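Letter by letter, the chains look like this.
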Amino acid sequence: MKQIQVQVGRLDNTVNDLLYFGKPGQPEFTYCDLSSLVKHTLMFVAQHPEAKNVKQIEELTLGLPPVWIDQKQIQQVLLNLVVNALQAMVGGGVLTVTTDKVVREGQDWVRVEVRDSGPGISEEELNKIFTPFYTTKNQGTGLGLPICRQLMESNGGALRVVSQPGQGATFTLEVPAVAAGEVPTAD
């Protein structure tokens, strides 16, 4: 009976992923300090079972410009990336999460990097990981990373990955920063 409950839960997650991928909700934008959102997200992740053998390093830049995002959607992306990194480091490793500001074509962007010391991703797999239903996990649906990319794009941002076998993986998400004069202030 317990095994049936586990499988029903897994199928429920799969159906929810399919529904969300097919019709994600419209973003509800607010101003956000991305370093604070990352720190808050990492507190949740610290409770994850796979986090116990992983050293977490946070290199969060203070005073970053705010971003105009749906905080729940971006937190979902962060959670997925961090949990994927933890699962890649079977037996332990180092998870490094950094935030900083970068300039692209005269525009300020806020960047988050999620880097793991896992086995890395082959070039063949790198070409497939954002393809719906592609997975290397026994329990995976293959929708996590495609949903993450979709969420980043709906928030005006981007999601990229760099990896080589034996050297871990680095997932980078970037969203445009809000110009200083555009942020409303309380009167």
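Structure: see above.
Given the structure is predicted, the values throughout are model-derived calculations rather than measurements. (Residues numbered from 1 in each chain as written. Predicted model: local features only at pLDDT ≥ 70, side-chain atom pairs only at ≥ 80, totals over all residues. Heavy atoms only, no water.)

Draft legend 1. Main features of the overall build of the protein chain. Along the backbone of the protein chain there are 5 helices and 7 strands. In the protein chain, the succession of helices and strands from N to C terminus is α-β-α-β-β-α-β-β-α-α-β-β. A buried classification covers 38% of the 187 residues belonging to the protein chain. Long-range pairs, those at least 24 residues apart, make up 74% of the contacts in the protein chain with a sequence separation of at least 6. Summed over its atoms, the accessible surface of the protein chain is roughly 10900 Å², and 54% of this surface lies on carbon and sulfur atoms. (Helix = DSSP H or I, 4+ residues; strand = E, 2+ residues; numbered from the N terminus. Buried < 20%, exposed > 50% of the residue type's maximum accessible area, 1.4 Å probe, protein only. Contact = heavy atoms within 4.5 Å. Areas by Shrake-Rupley, 256 points an atom, 1.4 Å probe, with all protein chains shown as cover.)

Draft legend 2. Up close: the packing of aromatic side chains. If you walk through the whole model with that rule in mind, you get 2 aromatic pairs. Look at Phe29 and Trp68: their rings are 6.0 Å apart centre to centre, the planes differ by 15 degrees, and that puts the pair in the stacked class. Within this pair, whereas Phe29 is found in the loop between α1 (2-22) and β1 (30-32), its partner Trp68 is found in strand β3 (residues 67-69), the two being separated by 39 residues in sequence. Ring centres of Tyr31 and Trp68 lie 4.5 Å apart, and the angle between their planes is 50 degrees; this geometry places the pair in the tilted category. Note that Tyr31 is positioned in strand β1 and Trp68 in strand β3, a separation of 37 residues in sequence. Residue Trp68 is classed as partly exposed on the basis of its relative accessible area of 41%. A network of ring pairs unites the aromatic residues Phe29, Tyr31 and Trp68 as a single cluster. (Phe/Tyr/Trp six-rings, centres within 6.5 Å; stacked < 30°, edge-to-face > 60°.)

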